[in-house]
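An overview of the molecular structure
If you want the building blocks of each chain, they are given just below.
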Amino acid sequence: MDLFDLHSEVAVVIGAGGVLGGAIASGFAQAGAKVAVVDFVPEAGQARVKAIREAGGTAAFFAANAVQRETLAAAHAGIREALGDPTVLLNAAGGNDPKVTVTPENPFENIRLEHWHANFDLNLVGGALLPCQEFGPGMVARGHGSIVNIASVSAHLPLSRVVSYSAAKAAVLSLTRFLAREWAPKGVRVNSITPGFFPAGQNRKLLFNDDGSPTERTRQIWSHTPMNRFGEAQELVGAAVFLASPRASGFVTGADLRVDGGFLAQTI
Ligand SMILES: NC(=O)c1ccc[n+]([C@@H]2O[C@H](COP(=O)([O-])OP(=O)(O)OC[C@H]3O[C@@H](n4cnc5c(N)ncnc54)[C@H](O)[C@@H]3O)[C@@H](O)[C@H]2O)c1
């Protein structure tokens with residue numbers, strides 16, 4: 001059988017209404033998985049389901065707010081009924097909130113705790129913790145599953161300005177390894193992907209000026225990226241399918257797969 005075939009998998013993609021989660025959801029469907037598209041923006045999620053079905057795949061939309069466990073539980077019940085027991089979980093809800101971006105007008109010492117908590121919670125609690133709590137135990141009980149958390153290059157060394165985001169993503173890496181060890185004996189693998197820079201909904205304001213021209217930060221990113229460009233969402237699909245597939249990555253757990261054009265391979 002094809003190493004990258006996902007026909008026997010039911011994949012839950014949280015944040016699948018977004019740019020990266022959406023591309024991965026489509027990639028999972030193309031590899032044969034039944035895909036649960038989960039997002040708290042119904043229009044975005046439903047548009048992804050439509051695109052998957054038009055391409056011949058199987059998908060359904062389930063609304064949930066990743067920072068609210070009860071909404072994840074309701075989505076979980078709907079997924080089991082409509083598609084079957086989840087065997088793959090990909091966590092792609094997250095992003096940086098401009099309210100916690102450090103700027104000359106919003107210096108580090110002025111960041112309000114409520115804004116810090118909201119952004120930290122989105123990226124750690126909603127971005128990994130609660131979905132793992134909701135979907136992990138079923139996989140453990142059945143002895144089969146793969147969880148993929150989306151980290152960030154700023155999980156490894158913090159980027160300037162996005163302090164709460166970086167701290168939360170570092171915690172995502174830690175949680176990933178904790179769960180990898182915890183659930184490895186039970187047949188559930190837990191890994192992460194570290195994307196480099198991909199223009200998407202949540203980071204557009206940092207990367208482009210209102211007139212569409214690249215910001216100074218974009219120029220800095222490109223100059224620090226050996227491939228000298230942004231990634232395209234499609235370029236994450238192979239990494240996600242690899243980690244989801246028990247035949248392709250059955251002995252891989254606790255790993256972090258960098259898809260960053262070489263960003264983390266470079267100092268100067
Ligand atoms: N784009 C990049 O360059 C980049 C780099 C590294 C990591 N990431 C991470 O990749 C993931 C996907 O981000 P993206 O860049 O595709 O952004 P995006 O804004 O296009 O997508 C994020 C999606 O998550 C959904 N979402 C946000 N909060 C949610 C919540 N509480 N409950 C349910 N859904 C929620 C949004 O509605 C959106 O559809 C995030 O974790 C982000 O931090 C992105």
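Residues numbered from 1 in each chain as written. Predicted model: local features only at pLDDT ≥ 70, side-chain atom pairs only at ≥ 80, totals over all residues. Heavy atoms only, no water.

**Things to note about the overall build of the protein chain**
Along the backbone of the protein chain there are nine helices and seven strands. For 268 residues, the compact-globule estimate of 2.2 N^0.38 gives 18 Å, and the protein chain sits close to it at 18 Å. In terms of overall dimensions, the protein chain has C-alpha extents of about 50 × 40 × 35 Å along its principal axes. Across the 268 residues in the protein chain, those meeting the buried criterion constitute 50%. In the protein chain, 71% of the contacts between residues at least 6 apart in sequence involve partners at least 24 apart. For the protein chain, the exposed area adds up to about 12300 Å²; of that, 57% sits on carbon and sulfur atoms. Computing the positive centroid from 22 side-chain charges and the negative centroid from 23, the protein chain places the two 4 Å apart. (Helix = DSSP H or I, 4+ residues; strand = E, 2+ residues; numbered from the N terminus. Rg over C-alpha atoms; globule rule 2.2 N^0.38 Å. Buried < 20%, exposed > 50% of the residue type's maximum accessible area, 1.4 Å probe, protein only. Contact = heavy atoms within 4.5 Å. Areas by Shrake-Rupley, 256 points an atom, 1.4 Å probe, with all protein chains shown as cover. Lys, Arg positive; Asp, Glu negative; His and termini not counted. Charge placed at Lys NZ, Arg CZ, Asp CG, Glu CD.)

**Quick word on helix H2 (residues 42-54)**
With 13 residues, H2 extends 18 Å from end C-alpha to end C-alpha; this agrees with the ideal 18 Å at 1.5 Å per step. Within the span of H2, buried status applies to Gly45, Val49 and Ile52. All buried residues of H2 fall inside an arc of 65 degrees around its axis, so they share one side. In H2, the exposed residues that point more than 90 degrees away from the buried face are Glu43, Lys50 and Glu54. Contacts made by the buried residues of H2 are with helix H1 (19-30), strand E2 (34-39) and strand E3 (58-63). (Expected span 1.5 Å × (residues − 1). Arc of directions from axis to C-beta.)

**Concerning the site of the ligand**
Of all residues adjacent to the ligand, which total 29 residues, the nearest are Asp39, Asn65, Ala66, Tyr165 and Phe198. Take Asp39: an N or O atom from its side chain is 2.6 Å from an oxygen atom of the ligand. Between the ligand and Gly196, the relevant distance is 3.5 Å, taken from an oxygen atom to a main-chain nitrogen or oxygen of the residue. Relative to its free-state accessible area of 820 Å², the ligand is covered by the protein chains to the extent of 93%. Of all elements in the fold, only H1 and helix H5 (163-183) reach the threshold of two or more residues within the shell around the ligand. When its residues are assigned to classes, the shell around the ligand shows 16 nonpolar, eleven polar and two charged. (Near = heavy atom within 4 Å. Polar contact = N/O pair within 3.5 Å; in protein donor to acceptor, adjacent residues only side chain to side chain. Nonpolar A, V, L, I, M, F, W, Y, C, P; charged D, E, K, R; others polar.)

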